Amino acid sequence: MPFYSFVCKECNEKQTHSLSISDYTDKKYENLECLLCRKKTLNRVFEKIFSKVQKSSAELIHEITESVQKTKEKIENGDTHAIRDIYGEVE
Ligand SMILES: [Zn+2]
């Protein structure tokens, strides 16, 4: 089963969870609990070294492209949260 990297939004604990592809596409990872604080606040992260082992670069590029596309759409739609996440607060 492939492993995916997550960071807990609550306690910042970095961790990996194994999920089957179907679990992943069903978004079952949204129900995963943090290994440390047991909250369901895991954020999917890309880890360079980790991904190199577990995924081909083509798969990784595809995922990053999708993620960038979604971010781009948010910014184009004027999502100020997304804009602040990326560029920081406007002074
Ligand atoms: Zn946590």
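Refer to the preceding data block for the structure.
Not measured: the values here are computed from a predicted model.

Enquirer: Looking at this structure, I do not really get the pairing of strand β2 (residues 14–18). What am I missing?
Expert: Pairing between strand β1 (residues 3–8) and β2: five bridges, direction antiparallel. Across the sheet, the residue bridging to Val7 is Lys14, located in β2.

Enquirer: Sorry if this is basic, but what is going on with the sheet that holds strand β3 (residues 42–45) here?
Expert: One key point about sheets: their strands pair by backbone hydrogen bonds, in either a parallel or an antiparallel sense. The strand order across the open sheet formed by three strands is β2-β1-β3, and the pairing between neighbours is antiparallel. Each having just a single partner strand, β2 and β3 make up the two edges of the open sheet. Across the sheet, the mean angle from the axis of one strand to that of its neighbour is 45 degrees, orientation sign disregarded.

Enquirer: Would you mind going over helix α3 (residues 57–76) with me for this structure?
Expert: Three or four residues apart is the spacing at which side chains of an α-helix point the same way, because the helix has 3.6 residues per turn. In this model α3 runs 28 Å from its N-terminal to its C-terminal C-alpha over 20 residues, within 8% of the 28 Å that 1.5 Å per residue would give. Little of α3 is tucked away, with zero of its 20 residues classed as buried. After α3 finishes, the residue Gly78 shows a positive phi value of roughly 75 degrees.

Enquirer: Help me understand unusual backbone geometry in this model?
Expert: Peptide bonds are trans in most cases, and residues, glycine excluded, mostly fall at negative phi. Its identity is not glycine, yet Asn12 carries a phi of approximately 65 degrees, on the positive side. Secondary-structure assignment places Asn12 in the loop between β1 and β2. A positive phi angle is found at Arg38, which is not glycine, with a value near 65 degrees. Mapped onto the elements of the fold, Arg38 is located in the loop between α1 (21–25) and β3. Overall, the presence of 11 C-beta atoms within 10 Å leaves Arg38 in the exposed class.

Enquirer: Honestly, helix α4 (residues 80–87) in this entry has me stumped. Any pointers?
Expert: A small share of α4 lies buried, amounting to zero of its eight residues. In the segment just after α4, Gly88 is the residue with positive phi, at about 85 degrees.

Enquirer: Is there a simple way to explain the environment of Lys9 in this structure?
Expert: When you line up the elements, Lys9 lands in the loop between β1 and β2. With 13 C-beta atoms packed within 10 Å, Lys9 lands in the partly exposed category. Residues Lys9 and Asn43 lie 34 residues apart in sequence; the distance between their C-alpha atoms is 6.5 Å. Apart from residues no more than four positions distant in its own chain, Lys9 is found in contact with Thr41 and Asn43.

How each quantity is defined
- Residues numbered from 1 in each chain as written.
- Predicted model: local features only at pLDDT ≥ 70, side-chain atom pairs only at ≥ 80, totals over all residues.
- Pairing = 2+ DSSP bridges.
- Helix = DSSP H or I, 4+ residues; strand = E, 2+ residues; numbered from the N terminus.
- Axes fitted to C-alpha atoms, helices over the stretch in contact; angles between N-to-C directions.
- Expected span 1.5 Å × (residues − 1).
- Buried ≥ 20, exposed ≤ 12 C-beta atoms within 10 Å, placed from the backbone.
- Contact = placed C-beta atoms within 7 Å.

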